[in-house]
Amino acid sequence: MRGTDYVLKRVGFAIVTVFVAVTINFVLFRLAPGSAVSNLSRVPHATQQLRHALEVQFGLDKSKWQQYLIYLKQLAHGNLGVSYENEQPVSTNLRIALINTLPMVTLGTVFSIIFGIFTGVIAAWRRGTKTEGATVSTALAFYSMPTQWLGLMLIILFAGILPTGGMTNEFLLNPPFWTHVKDLASHIFLPALTLGLVLYGEYTLIVRSAMLETLGEDYVLTARAKGLKPRTIVRTHALRNAMLPITTLIALSLGYIVAGAILVEIVFSWPGIGRAVYEAVLERDYPMLQGAFLVLTISVVFFNLVADLLYFKLDPRISE
Amino acid sequence: MSEASFFVESPEVGTSRTRALLRTLRHRRSAVIGTTILVAVILTAVLAPWIAPYDIHTQVGAPFEPPSWNHPLGLDDGGIDMVSLLMWGMRISLVVGFAATFVSMVIGGSIGLVSGYFGGKTDTILMRITDYFLVIPDVPLMIVVAAIWGPSLFHIIIVIGILLWTGTARVIRAQVLSVRERVYVKRARALGAGHFRIVMRHVLPQVAPLLIANTVLTIAVAVFDETALSFLGLSDPSRISLGKLIENAFERAAISAGAWWAIVPPGVLVALIILACSLVGGALEDALNPRLRVAHLSARTFRLRPLVGRSKEAL
Amino acid sequence: MTAPLLQVEDLHVWFDLEDGGELHAVQGVNLSLEPGERLGLVGESGCGKTTTALAIMGLLPSSASVSGRVLLDGQDILVGGEAAIRPHRWVDIAIVFQGAMNSLNPVRRIGDQIVEALELHGRAKGDTARARTAELLESVGIPAGRASRYPHELSGGMRQRAAIAMALSCNPRVLIADEPTTALDVMVQAQILELLDGLCRDFELALVLVTHDLPVVAQLCNRCAVMYAGEMVERGPLETLYHTPGHPYTRMLFAASPDLGALNEAVVSIPGAPPRLDRPIDGCPFRPRCDSVFDACGVRPRLDQLAEDHDAACHLNSRVPA
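Residues numbered from 1 in each chain as written. Chains lettered and ligands numbered in written order. Predicted model: local features only at pLDDT ≥ 70, side-chain atom pairs only at ≥ 80, totals over all residues.

A.B. asks: So what exactly am I meant to see when it comes to the overall build of chain C here?
C.D. replies: Within chain C, the secondary structure is distributed over ten helices and twelve strands. A compact globule built from 322 residues should have a C-alpha radius of gyration of about 20 Å, and chain C, at 20 Å, falls within 12% of that. Across its three principal directions, the C-alpha atoms of chain C cover 70 × 50 × 45 Å. Evaluated residue by residue, chain C yields a buried proportion of 47% over its 322 residues. (Helix = DSSP H or I, 4+ residues; strand = E, 2+ residues; numbered from the N terminus. Rg over C-alpha atoms; globule rule 2.2 N^0.38 Å. Buried ≥ 20, exposed ≤ 12 C-beta atoms within 10 Å, placed from the backbone.)

Okay, structure coming up:
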């Protein structure tokens, strides 16, 4: 069946992309000249045993090609080395960081998508009016703001009203469940809002563009000729069709989401994977940096694949 | 489809693309605003050494001194005049933006040209590689490379430029594909013209306007990427860019000191630059892709006019 | 005398242009249609015939402004704008467009789109609607099972049939067909025309056939209206227009159609291009391309009656023979 063909192709592409990223990772960190060469065993203050174990695991005395293969093998086992900073396995650090990042990024992205679709549809619908102008201008304004700066602006705005750093209030010891939830919510609000505001602008423009395109299609004219009310047409014909390019374009913005997440986590001291990248850079903690890059790339590739498959499901024309 | 769409397009058959671009820049309000902002910013940046009121390496007052007549935007944490810092900061931000974009334009444009023109296996391989890089997230890779390579202006420019080419390559390739099929290209081939000559004289001029539109949009991304890298401390420590100013404000607790003048202006300037580039680039792109479709449906409907008359009068 | 089924009086349509000007796309068109009548609306592309058809159903975009009257059973349905026209769409007047590839929603099944029309106008619901859809499809020659297909799974001809089935679903009295066969190949064209012929007869439909293709008109229509540069230059029974055209453009149009031109005459194409409609026209719009220009043509001609049922807008008809 043609459908399976497409799915296999996309999955294959995703796997190869991850492979390319892994290779880039290897090349950058092992073959790069100078003091930046990461030697996975050069963990500061490490014991002789740890050093030796790592050297054996990653075969750091063998040829580059063999190192590459060993690196792949270690990756397959989930071994990303040991962090210079806290001497814990990179994979453990990253797992915690990822779990912290996901709720915040999901909240921000969902808000931006919903708000973006909403404003985009309004802008397309009220084309040529002041409403469209205002909607588009606001979207452009937020889109142009540097993420970290917007975060700082929101901190200024909400200082004293909402917490501006961290994920939880460390002074709350063993809080009851609802207090804990409220605490988390108050901390997640600003970073998620920042991310959402920075992202939504692009979606507004994308949705508006897709809707305008769809509203110019012949089948919209047919729907109108059939006597359907405009609101019905937008809902059952235009929006449904516009979702196709919208899905693709949202997938393409995943890279931007990652960049935004990193900056937001730095500004709000959110203990997620973005801040892990930041701290790894500050401390020149190369194993962590490598590992974080890999995790981020795999996440993006994964969500890209999801978007591809979603598009496939939405558009019956693809199965030809 | 319907004649309605034919009627609404301005009767401009045969106008060259470049003229269409220039007309857009002069008439479309968004393009005018964007161009004005960019010109103002570029002028300030170029003239900074002469018009900056104070030297940016000399302390002229207390740290985080509030705005005053002498210093309309106050001083930063090192007692240096903000206005001067901003002017010099614009220089570096723009230099990085333009230079990185130039790098990416050269790489992306060449790949797009070669890929679209030669087609076949070359095309497949090049586009496959482009696809992988399209998916791999830009900023993390930039961070990794910059962290390993070390902070310097040159490195930053190369790092940003090397990762921005993917978008340009795809767009240019699509355009080249359509140009390649045109009659005059085929005729040139039949007459025995070499590939290089054809590309330079026939393909490139048709592709250039789109390349320009794409370049302007890329500048916006490059400027943003520079602020992101600066915020992670990966920019050249000996140079001040707008991104670095934001980072300084963050690092040196400008917020706790209540020194909004150290935080707000650099971000506003970055936003203005990115906004201006987006406006101009977007307007240019629109002019080149006249998908001038009529919206068959919108909130407003057709308007009614009073009756003209029972029959046309003979003149 | 009872009012005609459909009457268009002094219809003007203007489109706003990007640079602030206006395009006068339709310039004072008059039409009338009796029940069961077949009218061909012909002209080159860009002459305003499709815009006229769309204006009748109020399907113009927001950049359009309209003046004139559209009378259905003697009642002006245009004067109330979109809200007044909408109730008449599909149940009184229906339309079929060119190239049903895009005029049917590509991501919805054929059957669902027909059911939508039935349910919207209260003709049927749920299973009854589905059954009725199957009937409709069969009546245009599509096996009922195809209702669950998407448009791209059908051939061009099948899609057009489906569009026709959908148009007839609410039993309209007028069917407008805008270039219904233009995108189809010759064999399929003939089938579609035959289908339209049969359906119009069986359901006593009045037909407005908008096309630039004269042989198509000859096959289906008994009356014909010729448009040029936004205005009507001639109208009357097809035979009359063919044998005794009252306008040089009509004559040249017929001559340019290979199978309608006389056998011993060379096929003539009409050189030149129609005038721009974004500025007022001086004199007769056809003047630059006409082969019979004389001094009176500096004045714009009116649509004058030549005979009982034959009007034309050309000074030649009022020229006193020397």
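Continuing now.
A.B. asks: Looking at this structure, I do not really get the packing of helix H7 (residues 177-215) of chain A against helix H10 (residues 254-267) of chain A. What am I missing?
C.D. replies: Helices that pack against each other are described as a pair by the angle of their axes relative to one another and the distance between those axes. All names here are of chain A. For the pair H7 and H10, interaxial distance at closest approach is 10 Å and the crossing angle is 145°. Considering how the two elements wind past one another, H7 and H10 form a crossing that is right-handed. For the pair H7 and H10, the contacting residues are Pro191, Thr194, Leu195, Val198 and Leu199 in the first and Tyr256, Ile257, Gly260, Ala261 and Val264 in the second. (Axes fitted to C-alpha atoms, helices over the stretch in contact; angles between N-to-C directions. Left-handed = near helix turned anticlockwise from the far one by under 90°. Contact = placed C-beta atoms within 7 Å.)

A.B. asks: Help me understand the interface of chain B and chain A, please; the structure alone is not making it clear to me.
C.D. replies: When the parts come together, some accessible area is lost, and that loss is often what is quoted as the size of the interface. Each partner contributes to the interface: chain B provides 41 residues, whereas chain A provides 46 residues. Going through the elements one at a time, helix H5 (120-135), helix H6 (138-149), helix H9 (195-231), helix H10 (242-251) and helix H11 (260-288) of chain B are the ones with two or more residues in the side of chain B that touches chain A. Across the side of chain B that touches chain A, the residue classes break down as 32 nonpolar, six polar and three charged. (Nonpolar A, V, L, I, M, F, W, Y, C, P; charged D, E, K, R; others polar.)

A.B. asks: Mind showing me how you'd approach H9(B) here?
C.D. replies: Since there are 3.6 residues in each turn of an α-helix, residues three or four apart along the chain are aligned in direction. Given a rise of 1.5 Å per residue, 37 residues ought to cover 54 Å, yet the end C-alpha atoms of H9(B) are separated by just 45 Å, more than 12% below that figure. Remark: B:Gly233 follows H9(B) within two positions and exhibits a positive phi of approximately 80°. (Expected span 1.5 Å × (residues − 1).)

A.B. asks: Any chance you could explain the environment of C:Glu22 here in plain terms?
C.D. replies: All names here are of chain C. One can find Glu22 in strand S2 (residues 22-33). Note on Glu22: 14 C-beta atoms within 10 Å, which makes it partly exposed. In sequence terms Glu22 and His88 are 66 residues apart; their C-alpha atoms lie 29 Å from each other. Residues contacting Glu22, with those up to four places away along its chain left out, are Trp14, Phe15, Asp16, Leu17 and Asp278.

A.B. asks: I keep staring at unusual backbone geometry and nothing clicks. Help me out?
C.D. replies: Across residues other than glycine, the phi torsion is negative in most instances, and most of the peptide bonds are trans. Residue and element names in this part refer to chain C. Phi at Asp10 is positive, roughly 50°, even though this residue is not glycine. Inspection of the secondary structure puts Asp10 in strand S1 (residues 6-16). Taking the number of C-beta atoms within 10 Å as the measure of exposure, Asp10 has 17 and is therefore partly exposed.

A.B. asks: Before we go on, may I ask you to explain helix H7 (residues 186-202) of chain C in this structure?
C.D. replies: Residue and element names in this part refer to chain C. For H7, which comprises 17 residues, the first-to-last C-alpha distance of 24 Å matches the rise-based estimate of 24 Å (1.5 Å per residue) to within 8%. Those residues of H7 not exposed but buried are Gln189, Ile192, Leu196 and Cys200. For H7, the arc enclosing every buried residue in end-on projection is 70°, short of the 170-degree limit, so these residues lie on one face. What points out from H7, more than 90 degrees from its buried face, is the exposed set Met187, Arg201 and Asp202. Along its buried surface, H7 packs onto strand S3 (38-42), helix H6 (156-168), strand S7 (174-178), strand S8 (206-211) and helix H8 (214-220). Residue Glu204 follows H7 closely and has a positive phi angle near 50°. (Arc of directions from axis to C-beta.)

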